Amino acid sequence: ADYVRDLIVQDILQPGDPINVQSICGTLQISQTPLREALKMLAAQGLVDLRPNKRVVVASLAANEIEDMLVVYTEMEKLAGRLAALQATSDDLRALQQQEQALMAAFHAGESLRYFHANQAFHQALVHASHNATLIELHNNLNARLYRTRFKGNQWNARSGDWQRVAEEHSKILRAIETRNGDLCAELLASHLNGARASLHAN
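Residues numbered from 1 in each chain as written. Predicted model: local features only at pLDDT ≥ 70, side-chain atom pairs only at ≥ 80, totals over all residues. Heavy atoms only, no water.

### Considerations on helix 2 (residues 21-28)
Turning to step 1, where the next piece is worked out: Within helix 2, burial applies to V21, I24 and C25. For helix 2, the angular spread of buried residues about the axis comes to 100°, placing them on one side. Residues Q22 and G26 are exposed on helix 2 and point more than 90 degrees away from its buried face.
Turning to step 2, where the next piece is worked out: Buried residues in helix 2 make contact with helix 1 (2-9) and helix 3 (32-44).
Turning to step 3, where the next piece is worked out: N-cap assignment for helix 2: the residue whose side-chain oxygen lies 3.3 Å from the backbone N of Q22 is N20.
Turning to step 4, where the next piece is worked out: Two residues or fewer past helix 2, Q29 is found with a positive phi of approximately 55°. (Buried < 20%, exposed > 50% of the residue type's maximum accessible area, 1.4 Å probe, protein only. Helix = DSSP H or I, 4+ residues; strand = E, 2+ residues; numbered from the N terminus. Arc of directions from axis to C-beta. Contact = heavy atoms within 4.5 Å. Polar contact = N/O pair within 3.5 Å; in protein donor to acceptor, adjacent residues only side chain to side chain.)

Now the structure itself:
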C-alpha cells in the first residue's frame, strides 16, 4: 500500500491511470493476493477506484471536492492544536520534536519525498497528542484522501520559494504546544496549511 501510495503521490501514477497489478507484483516480488488487499485499503481511503473485471484505476477528485476537504482538514488540525496544547504528554512532545528534527533534516538534504513523510508524521503526531479518539480517526481518514494533494502543496511551497519558511513553521507550532498556547497553535496551523490550497488554485 505504501509503495502504490508513493507512486500516486509522485504522479508516476496519475488520476485515471490504470494500475498494472502484474507489473507491481513483479517489482515487489509478491503474489497478487497481498496487493489486492492493499488496493482494497487504498480504495477505502479514496485513492483508487475498483472497477468491474478487477480493474483498478487511480481515483480522480474534482477541485471543488478537494477544496471542501481542505477546509475541513484545516479546521480539524486547528482543533487538534488547541487540544494538544492542553493534553500533550511528555511522550507526545518528544514524538513531535523527533519528527520536527526529521523533517528539517530532509529539508536541508533537499529530499522532498522524505520531507513529505516526516511532515505527515509530524501532523499525525500532533493530532495524536489531542488524545481525542474521534478526531484522530476522522483526521486519518481525510488525510489519506488528501495524500496526493498535501504532497502537491509541499511541491508548490518549494517552487514558490516558501519551502524553508513553511518547514521552519513546524518549530513555532511545536513551541506553541510546549507553552500550552492553544489559540496561537491553531492560528499557526491555519496559516501553515495554506500551501495545499494555493497549489490547488495554481493548477
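### Section: the pattern of salt bridges
Turning to step 1, where the next piece is worked out: Scanning the entire structure with this criterion turns up 12 salt bridges.
Turning to step 2, where the next piece is worked out: Of the charged contacts in the structure, one is a salt bridge between R51 and D49, with a shortest N-O distance of 4.0 Å.
Turning to step 3, where the next piece is worked out: Note that R165 and D162 form a salt bridge whose closest N and O atoms lie 3.4 Å from each other.
Turning to step 4, where the next piece is worked out: One network of salt bridges, with partners in common, ties together D11, R148 and K152. (Salt bridge = Lys/Arg side-chain N within 4 Å of Asp/Glu carboxyl O.)

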